[in-house]
Amino acid sequence: MVSSSGFSNYTAFCYLIASMGLQVLWSMGLACLDVYALRIKRDLHNPVLVSLFVVGDWVTATLSLAAACSSAGVTILFARDVRFCSRGLDLSCSRYQISISCAFVTWALIAKSSLVMFWLLASV
């Protein structure tokens, strides 16, 4: 989405970029924490820490779903309703569609991760 021209003119697309950026930061932070815990051979099964992970995963999952849905709505508006994509305007509709498809796949994986974290919280 960032590689296409004119995406910054639409709030839904900017929201998708911001949401996925937050997701990358959250995931990288958790990955670094996991590597650190493995390195020092420490267990992360603290109820407070796992609760923080669950809340963070649910927040990022909700933001990702909202961003993907709003971007999909704008893309459907452009492609089917207003037909901006067929008029030859400076829109990269195929790139938008691919980006939104990837966002929905990402949301499905985030939702699965947050469900697993919720089960871990129940077992702690």
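Residues numbered from 1 in each chain as written. Predicted model: local features only at pLDDT ≥ 70, side-chain atom pairs only at ≥ 80, totals over all residues. Heavy atoms only, no water.

- Under an unreviewed UniProt entry, the name given to the chain is CASP-like protein, and the organism recorded is Spirodela intermedia.
- Under Sequence similarities (unreviewed entry), UniProt gives the following word-for-word description of the chain: "Belongs to the Casparian strip membrane proteins (CASP) family."
- Quoted verbatim from the Subcellular location (unreviewed entry) heading of the UniProt record, the comment on the chain is "Cell membrane". (UniProt positions renumbered as here; feature names shortened; annotations may be inferred.)

**Describing the overall build of the chain**
- In terms of regular secondary structure, the chain is built from three helices and zero strands.
- Starting at the N terminus and ending at the C terminus, the chain contains elements arranged as α-α-α.
- For 124 residues, the compact-globule estimate of 2.2 N^0.38 gives 14 Å, and the C-alpha radius of gyration of the chain, at 18 Å, exceeds that figure by more than 25%.
- Dimensions along the principal axes, computed over C-alpha positions, put the chain at roughly 60 × 25 × 20 Å.
- Split into buried and exposed, the 124 residues of the chain put 29% on the buried side.
- For the chain, the proportion of contacts with a sequence separation of at least 24, taken over those separated by at least 6, is 77%.
- Charge centroids of the chain, computed over 8 positive and 5 negative side chains, lie 5 Å from each other. (Helix = DSSP H or I, 4+ residues; strand = E, 2+ residues; numbered from the N terminus. Rg over C-alpha atoms; globule rule 2.2 N^0.38 Å. Buried < 20%, exposed > 50% of the residue type's maximum accessible area, 1.4 Å probe, protein only. Contact = heavy atoms within 4.5 Å. Lys, Arg positive; Asp, Glu negative; His and termini not counted. Charge placed at Lys NZ, Arg CZ, Asp CG, Glu CD.)

**What about the UniProt feature "transmembrane region" (unreviewed entry) in the chain?**
- Within this numbering scheme, the UniProt entry marks residues 12-38, 58-79 and 100-122 as carrying the feature "transmembrane region" (unreviewed entry).
- Along residues 12-38, the helical share is 100% and the strand share 0%, with 39 Å between the first and last C-alpha atoms.

**Observations regarding helix H3 (residues 93-123)**
- Over its 31 residues, H3 extends 45 Å from the first C-alpha to the last, a length consistent with the 45 Å expected when each residue adds 1.5 Å.
- For H3, the secondary structure elements touched by its buried residues are helix H1 (11-39) and helix H2 (47-81). (Expected span 1.5 Å × (residues − 1).)

**Some details on H2**
- With 35 residues, H2 ought to run about 51 Å at 1.5 Å a step, and its terminal C-alpha atoms sit 49 Å apart, in line with that.
- Directly beyond the C-terminal end of H2, a positive phi value near 60° is found at Arg-83.

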